[in-house]
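The primary structure of each chain is shown beneath.
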Amino acid sequence: MDKPTIIVITGPTASGKSALAIDVAQKLGTEIISADSRQIYHGIPIVTAMPSAEELSNVRHHLIDILPLDAYYSASMFEEDAMGIIEDMISRTGTAVVCGGSMMYVDALCNGIDELPTVPDHIRHGLENELKQNGEEWLREELHKLDPEYYTKVDLKNTKRVFHAVEIIRAAGKPYTELRTGKHQERPFHIKKFLLAPDRSVLFDRINRRVDIMVESGLEDEARRVYDLRHLNSLNTVGLKEMFTWFAGDMDRTTAIERIKKNTRVYAKKQLTWWARDKGITPIDPATSDPLETILKN
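Conventions used here
- Residues numbered from 1 in each chain as written.
- Predicted model: local features only at pLDDT ≥ 70, side-chain atom pairs only at ≥ 80, totals over all residues.
- Heavy atoms only, no water.
- Helix = DSSP H or I, 4+ residues; strand = E, 2+ residues; numbered from the N terminus.
- Expected span 1.5 Å × (residues − 1).
- Buried < 20%, exposed > 50% of the residue type's maximum accessible area, 1.4 Å probe, protein only.
- Arc of directions from axis to C-beta.
- Contact = heavy atoms within 4.5 Å.
- Axes fitted to C-alpha atoms, helices over the stretch in contact; angles between N-to-C directions.
- Parallel < 35°, antiparallel > 145°, perpendicular 65-115°, else oblique.
- Left-handed = near helix turned anticlockwise from the far one by under 90°.
- Pairing = 2+ DSSP bridges.
- Nonpolar A, V, L, I, M, F, W, Y, C, P; charged D, E, K, R; others polar.
- Patch = residues over 30% accessible without salt bridge, like charges linked within 9 Å, V, L, I, M, F, W, Y side chains within 5 Å.
- Areas by Shrake-Rupley, 256 points an atom, 1.4 Å probe, with all protein chains shown as cover.
- Salt bridge = Lys/Arg side-chain N within 4 Å of Asp/Glu carboxyl O.
- Lys, Arg positive; Asp, Glu negative; His and termini not counted.
- Charge placed at Lys NZ, Arg CZ, Asp CG, Glu CD.

## Section: helix H5 (residues 121–134)
- In this model H5 runs 20 Å from its N-terminal to its C-terminal C-alpha over 14 residues, within 8% of the 20 Å that 1.5 Å per residue would give.
- Restricting attention to buried positions, one finds in H5 the residues Ile123, Arg124, Leu127 and Leu131. Along the axis of H5, the buried residues cluster in a sector spanning 95°; they form a single face. Of the exposed residues in H5, those oriented more than 90 degrees away from the buried face are Asp121, His122, Lys132 and Gln133.
- The secondary structure elements touched by the buried residues of H5 are helix H6 (136–146) and helix H8 (159–172).

Here it is, written out as structure tokens:
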């Protein structure tokens, strides 16, 4: 019996993938699994561009707005949750749509992720306290001491990733490098991946306008509501970090807004660079082809 097919729609921030996923899901009579590492948290709908109430009423979405801000979540946890939801969704609708721009989440679902040990709370909280006391440079040096090979490969500016590696090493009692096999895992379904990638000038204009809309919609108030929790990893995201810097008096409001636009554009370029290495993805430029038609025909 032939395996079912799921549709994965990804793309840089502000590319229009969420609206496209809704159109595809409606056409196929199925639902959407969010592959967004921030939309899963409750309380920050503006900065994460959460689907509107109308969009949510049109198509059921999974894995959004369900976790408190202080909850831990990872790509491996997403893989496990998404696989369970997909199994149920396929049994009911025959297919599933996955939509999101979090590269590690999409990769974990499509290719699998190495089975890593569960980190006990006392290790994670202990490392969090050490990080607060000693700073990010200490954390990088800790990784260098524990796993010099991975130290040369990881993005040392990505504190979240460095932290994750150190906590895994402490939990496993062996270097992170030894735990990473890089083997692709077989899935009980076919995967069709599509990258919504407008021309960069168009994309950057969309990003700038999206930030303006976020500000008009209450981004400042949303950021102030969670300012006291700014140490949480869930709030370590573009849009909030710049607002927090303004609130702390290290930047004025105008500069903060412009910095959000700039940092979002930088992140979008990083996303595009990541997907450029994926030979199994079909890019779609909305200026030259109809995205919905392209997906349904492939």
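## What to know about the packing of helix H3 (residues 75–93) against helix H4 (residues 103–111)
- Contact pair H3 / H4: the axes reach a minimum separation of 9 Å and the direction vectors enclose 55°. By the angle class used here, H3 and H4 are oblique. Pair H3 / H4 crosses with right-handed handedness. Two secondary-structure elements touch here, H3 through Ala75, Phe78, Glu79, Ala82, Met83 and Ile86 and H4 through Met104, Tyr105, Ala108 and Leu109.

## Description of the pairing of strand E5 (residues 190–196)
- The pairing of strand E1 (residues 5–10) with E5 spans six bridges and is parallel. Looking at E5, one finds that Ile7 is bridged to Lys192.
- Examined bridge by bridge, E5 and strand E6 (residues 281–284) share four bridges and lie parallel to one another. Pairing of Phe194 across the sheet is with Thr282, part of E6.

## Quick notes on the side chain of Ser102
- One can find Ser102 in the loop between strand E4 (96–99) and H4.
- When near neighbours in sequence (up to four residues on either side) are disregarded, Ser102 contacts Ala35, Asp36 and Ser37.

## Quick notes on the sheet that holds E1
- A sheet is described by the order of its strands in space; here six strands give the open sequence E3-E2-E4-E1-E5-E6, paired in parallel fashion. The open sheet has two free edges, formed respectively by strand E3 (61–62) and E6, since each of these has just one partner strand.
- Bridge count for strand E2 (residues 32–34) against E4 is three bridges, and the pairing is parallel. Of the residues in E4, the one forming a bridge with Ile33 is Val98.

## Focus on the environment of Arg180
- With respect to the secondary-structure elements, Arg180 resides in the loop between helix H9 (176–179) and E5.
- Overall, the relative accessible area of 40% leaves Arg180 in the partly exposed class.
- Residues Arg180 and Tyr150, spaced 30 residues apart in sequence, show a C-alpha to C-alpha distance of 10.0 Å.
- For Arg180, the residues in contact, after removing those within four places along its chain, are Asp114 and Tyr150.

## Some words on the packing of helix H12 (residues 240–247) against helix H13 (residues 253–276)
- Two numbers describe how H12 lies on H13: the axes approach to 9 Å, and their chain directions differ by 160°. Classed by the angle they form, the pair H12 and H13 counts as roughly antiparallel. Here H12 runs over H13; the crossing is right-handed. Residue-level inspection shows Glu242, Met243 and Trp246 of H12 in contact with H13, the latter providing Arg253, Ala256, Ile257, Arg259, Ile260 and Asn263.
- The residue makeup of the contact of H12 with H13, split by class, is five nonpolar, one polar and three charged.

## Topic: a positive patch on the surface
- There is a patch of like positive charges on the surface, built from Arg200, Arg259, Lys262 and Lys269.
- Assignment of secondary structure puts Lys262 in helix H13.
- Here Lys262 falls in the partly exposed class, since its relative accessible area comes to 46%.

## With respect to the environment of Val98
- Turning to its location among the elements, Val98 is positioned in strand E4.
- Relative accessible area serves as the criterion here: at 1%, Val98 is assigned to the buried category.

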